[in-house]
Structures are given as C-alpha cells and as structure tokens.
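A structural walkthrough
Chain by chain, the residues:
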Amino acid sequence: MPTVNEIWEALKSVKDPEIPTISLVDLGVITAVSLDDAGIPHVRMTPTFVGCPAMDFMQQQVRERLAQLGFPHSDVQMTFEDEWNTNKITEEGLRALNQHGLAPPPRYEGVLELEVLNNTPCPYCKSHNTTLHSPFGPTLCRSLHYCNNCRQAFEGFKPV
Amino acid sequence: MNEAAINNLITQFADDALIIAHRNSEWTGLGPLLEEDIAFSSIAQDKLGHAQALYNILHTNFGGPSPDAGAFTRDESQFRCCHLVELPIGDYAFSLMRHFLYDAAEWVRYEALESSTFVPLAQLARKIKGEIKYHLFHAKTWVVQLGAQGNEESHARMQSALNETFALALGMFEPSEFDGELAAAGIYPGEQQVQQRWLELIAPVIEQATLQLPSVEEIDRSASYGGRKGYHTEHLQPMLNEMTEVYRIDPTAEW
C-alpha cells in the first residue's frame, strides 16, 4: 500500500485546471494528507479564493488520482482551518506560474500591502517598470498589468 | 450556546453579501471601462462565494438549509440584508460609492470576527479578509481618483453619490437585540462599535478624495433601519424574483 509520502508525490501530477503548469501540491491548496488504520487516505484542501469555481473540480481530480493509486475510497474535504495564502506556493510553484506567463506573487512577511502590485516585475523581461491596470483579471486569482519596458500586457497571480 | 444570536448574525452578513453580489453582477457587460466591468464582476463572484461559505456554516453547524435552498427559497421578509445593498445599481458613481462604504464595513466586520470565539466564523473571517482587502483597494483608488483627481463633474457626482448612500450605509449598523449577548460571549463586538471603527476608516479616504462626509448626528438613522428585521425597500422582492427564476422553474437545474 502506498505511504503518505507516496500519496503526496502522486498528487503532484494533479494540475490546476486553469494553470496547467502548476500542481495542486505546489499551489499550496492541499494542506494535509494522512492514512487511517483502515488504510483510507484523508486529504484536506483549502480554496485559493472562497468563491473559486474550480474547487469542486480540483477535489474530484484528487479523488480520481487516489483511486488510480489504489484507494477506491478516500476522504477529501475542503476546510478553512489552515487557510490558503500565496506564501503557501512552493518555489517550484512560483517558477511554474512564471512559465505560464503569470507574474508570480511576491513573498511577504506580516501584513501584505497591495501597493506592491504597482511595480510587479514583468514575467517576460523582468522589468519593474510596469503599471497596474486592475487588481481584477480573467479569474479571481489574477490581476492585469502593463510592462512599460517591453510594451506587453501581462497578468499577475495576486498576492493574498 | 448563542445559537439564535449566531444564526441571526451570520444570516445578516450572508444576505448582505448575496444581494450586493447580485447587484454588482448587474455591471457585467455594462461597466464604463472593460477593467471596471471585470472588477465589479469579480467582486460579485467573491461575494457570492462568501455568502455561500457563510450559509454553509449555518448548514453544517445548526442544520440550516443548504446554501442554494437558503438563497433561493426565502421571500423578502425572511431576508436580513440592509437597505443599502438592495438598491438598483444607479449610475457608476452610486455603485462605486456604495461599493466603498459597504466594503469598508465588511473589512471592519471581518477584522473583528477574526478573533471571534465562534471558531468556524473566525476561520472564515481570516480567509475572507484577504479578498476584501482587494475590494477595498479597488474602491479607494477610484473614489480618490474621481473625487480629487478628476474634473468638476466627477467630483460633483461623487459628492452626490456620497450624500445619497451615506444615510443608507448607516442602516448596515442597525442595532440588534443580540448585540449584548454576542459581545458578552466574545463572538462579535456589536454594531455600535463596528460603526465607530467604520467611520474612522472611511473619513481619511473621503478627505483625501476632497469630499464632504455628511454628519452622522444630523441624519435620521432609523430611516434606513428595518432590513435586519425583515422590512425591506421596494427593490428587494423584484430582484429576488429575478434571481430565483430558474430555481423556481426547476430546483434541480444546473447552470
């Protein structure tokens, strides 16, 4: 029977449905994995944004991956106990976002000041000479920016 | 254990979020700029998620209806939203000022709820606050821009929107018979305190926008009270009729 570590490893193949370069594990939305005495895996997930419409689909994908791994029965639940923020995205995850053309969210300590959005580094040319067009974009987790250096519109993954 | 008080509190916030979400969504396709169209639609989607998560707390902890049933099967007398969120979208200045005053109140509420002794609400409040921060950031940016950095017309329209929405906004803080009980139990500090913090939060922004904040003392607050008791403006029921139309035709429909 697969171990807890092997389950974590396997879940790395489940990607975000809208940003296929990043896994749910690297996105930080899977917060806990355990196996009980009966060999049933318990997976806890937490939404990026409360109203994110992709969350049901993500849970379903996790259940399917567990079934492939040999766990026809699993307990996968959403909880706000260990709430998500962008500091939960792994280094690998930040690279994956950039690879998808999204400016990765900056790491922060303490209180996040949204003024950081004003000079978000361009994911293409890395220039900080950029302008925030809107803190809201095509999905709840993205913002809209323009790079004054390479004259390219780009999207950012919002720091939360 | 304060069940009725918590039920009442959460129903108020969830109903506010649901109704403002519907109103904000009415800007989809109509925003004065593409970015504003997207912003109001995104904020609507966030609020809808907040309403759903709040109804879900009542559903899982107190056996309340499922979020969908709660949202789609009640008539207006069972809603506890305030009058501010019920009004039609009006012009962009009206919707923007409402958005600012409402989100400032949500910010203060969820800040207070972060340390609530009712744990499911405290957990959700921590999460929701990160999203409200964006809503408030958006509202502040435009209120200041159109108030202080636009032209005479934009300034005048923002001032008139503020005059129109401010009295209504005070209805958000309609006192409740449960305020004392909730404060004593460490669940929620009560509307009087929240209103005071709200005024402290909005005043500097209104000043920065070079607008005049109407005086709280000169306003008959009770005129905008009633929503928390189930007495609403003439605008709510028609909106509910529209919002629930598909559900009433087929409660099992997916869309």
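Conventions we followed
- Throughout, residues of each chain are indexed from 1 in the direction in which the sequence is written.
- Each chain is given a letter, starting from A, and each ligand a number, starting from 1, according to the order in which they appear as written.
- For a predicted model such as this one, the threshold for reporting local features is a pLDDT of at least 70, and the threshold for listing and counting side-chain atom pairs is 80 or more; totals across whole chains, interfaces and linings nevertheless cover every residue.
- Secondary structure counts use DSSP, requiring at least four H or I residues in a row for a helix and at least two E residues in a row for a strand, with both numbered from the N terminus.
- In this treatment the radius of gyration is a C-alpha quantity, and the globule benchmark scales as 2.2 Å times the residue count to the 0.38 power.
- Burial is judged by counting the other C-beta atoms within 10 Å of a residue's own C-beta: 20 or more makes it buried, 12 or fewer makes it exposed, and any count in between marks it as partly exposed, with every C-beta position built from the backbone.
- Any two residues are considered in contact once their C-beta atoms, placed from the backbone, lie within 7 Å.
- Pairs of strands are assigned from DSSP output, requiring at least two bridges between the strands.
- Note on method: axes are straight lines fitted to C-alpha atoms, helices fitted across the in-contact stretch only, with angles between N-to-C directions ranging 0 to 180 degrees.
- Domain extents, as shown, originate in an automatic or database domain assignment.
- Each residue receives one of three labels: charged for Asp, Glu, Lys and Arg, nonpolar for Ala, Val, Leu, Ile, Met, Phe, Trp, Tyr, Cys and Pro, and polar for the others, Gly being one of them.
- A set of buried Ala, Val, Leu, Ile, Met, Phe, Trp, Tyr and Cys residues, joined to one another through C-beta atoms within 7 Å, is what we call a nonpolar core.
- In this scheme, a helix's expected span is set at 1.5 Å multiplied by one less than its residue total.
- Note on bend: the value at a residue is the angle between axes fitted to the seven residues ending there and to the seven starting there.
- Orientation is classified from the angle alone, with under 35 degrees giving roughly parallel, over 145 giving roughly antiparallel, 65 to 115 giving roughly perpendicular, and any other angle giving oblique.

Observations concerning the overall build of chain B
Along chain B, the regular secondary structure elements total eleven helices and zero strands. The N-to-C order of helical and strand elements in chain B reads α-α-α-α-α-α-α-α-α-α-α. A compact globule built from 255 residues would reach a C-alpha radius of gyration of about 18 Å, and chain B, at 18 Å, matches this within 12%. Counting only C-alpha atoms, chain B reaches 55 × 45 × 35 Å along its principal axes. Burial statistics for chain B: of 255 residues in total, 48% are counted as buried. Long-range pairs, those at least 24 residues apart, make up 74% of the contacts in chain B with a sequence separation of at least 6.

Considerations on the overall build of chain A
What chain A contains, in helices and strands, is four helices and seven strands. Listed by position from the N terminus, the elements making up chain A come as α-α-β-β-α-β-α-β-β-β-β. Expressed as lengths along the three principal axes of its C-alpha atoms, the size of chain A is roughly 55 × 25 × 25 Å. Summarising the internal contacts of chain A: among those between residues at least 6 apart in sequence, 51% fall at separations of at least 24.

What to know about the sheet that holds strand S3 (residues 75–78) of chain A
Residue and element names in this part refer to chain A. Strands sit in the order S1-S2-S3 across an open sheet of three strands; the sheet is mixed. Bordering the open sheet on either side are strand S1 (30–35) and S3, each of which pairs with just one other strand. When the angles between neighbouring strand axes are averaged without regard to direction, this sheet yields 15°. Alignment of S1 against strand S2 (residues 41–45), held across five bridges, turns out to be antiparallel. Counted as the bridge partner of isoleucine 30 is methionine 45 from S2. Against the sheet, helix H1 (residues 4–11) engages S1 and S2, with an angle of about 140° to S1.

Brief notes about unusual backbone geometry
Most peptide bonds adopt trans geometry, and most residues besides glycine take a negative phi value. One non-glycine residue with positive phi stands out, namely A:Lys126, at about 70°. On the secondary structure map, A:Lys126 appears in the loop between strand S4 (102–103) and strand S5 (130–134). When the 12 C-beta atoms within 10 Å are taken as the criterion, A:Lys126 is described as exposed. Unusually for a residue other than glycine, B:Thr210 sits at a positive phi of about 55°. Among the secondary structure elements, B:Thr210 is positioned in the loop between helix H9 (191–208) and helix H10 (236–243). Under the C-beta neighbour-count criterion, B:Thr210 is labelled partly exposed, with 13 such atoms within 10 Å.

Overview of the sheet that holds S4(A)
Residues and elements named next belong to chain A. Pairing is mixed in the open sheet, where four strands are placed in the order S4-S7-S6-S5. Strand pairing shows two members of the sheet lacking a second neighbour, S4 and S5, which therefore form its edges. Relative to strand S6 (residues 142–147), S5 runs antiparallel, the two sharing four bridges. Looking across to S6, one finds that serine 134 is bridged to leucine 144.

Notes on the domain arrangement of chain A
By domain assignment, chain A separates into domain 1 (4–87) and domain 2 (102–157). Class assignment of the residues belonging to the side of domain 1 of chain A that touches domain 2 of chain A gives a composition of three nonpolar, four polar and one charged.

Details of the interface of chain B and chain A
Listed per partner, the contact involves 21 residues of chain B and 16 residues of chain A. A total of eleven residues in the side of chain B that touches chain A trace back to one element, the largest contributor, which is helix H6 (residues 119–148) of chain B. Among the residues making up the side of chain B that touches chain A, the classes are represented as eight nonpolar, seven polar and six charged.

Considerations on the nonpolar core
Here is a general trend for soluble globular proteins: nonpolar side chains tend to be buried in one another's company. One finds B:Ile10, B:Leu54, B:Met97, B:Val143 and B:Met158 to be the most contacted residues of the largest nonpolar core, which totals 109 residues. Counting residues per element, this core draws most heavily on helix H2 (residues 34–62) of chain B, which supplies twelve residues. Counting residues domain by domain, this core receives three or more from each of domain 1 (4–87) and domain 2 (102–157) of chain A. If near-sequence neighbours (up to four positions away) are discounted, B:Met97 is found in contact with B:Val143, B:Met158, B:Ala161, B:Leu162 and B:Thr165.

A closer look at H9(B)
Residues and elements named next belong to chain B. Compared with an ideal rise of 1.5 Å per residue, which puts 18 residues at 26 Å, H9 spans 26 Å between its outermost C-alpha atoms and is within 8% of the ideal. Within H9, the axis deviates most sharply at isoleucine 202, by approximately 25°, and proline proline 204 lies no more than four positions further along. Residues of H9 that are buried include every one of Glu191, Val194, Gln195, Trp198, Ile202 and Ile206, and no others. Contact partners of the buried residues in H9: helix H5 (92–113) and helix H8 (179–184). Remark: threonine 210 follows H9 within two positions and exhibits a positive phi of approximately 55°.

Brief notes about the environment of B:Phe118
Residue and element names in this part refer to chain B. Looking at the element boundaries, phenylalanine 118 is found in the loop between H5 and H6. Note: C-alpha distance between phenylalanine 118 and asparagine 2 (116 residues apart in sequence) is 9.7 Å. Non-local contacts of phenylalanine 118, meaning those with residues more than four positions away in its chain, are made with Ile6 and Ile187.

What to know about the packing of H2(B) against H6(B)
All names here are of chain B. At a closest axis distance of 11 Å, the pairing of H2 and H6 adopts a crossing angle of 170°. With respect to H6, the axis of H2 lies roughly antiparallel. Of the residues in H6, those touching H2 at Ala39, Ile43, Asp46, His50, Ala53, Ile57 and Asn61 are Pro120, Leu121, Leu124, Ile128, Glu131, His135 and His138.

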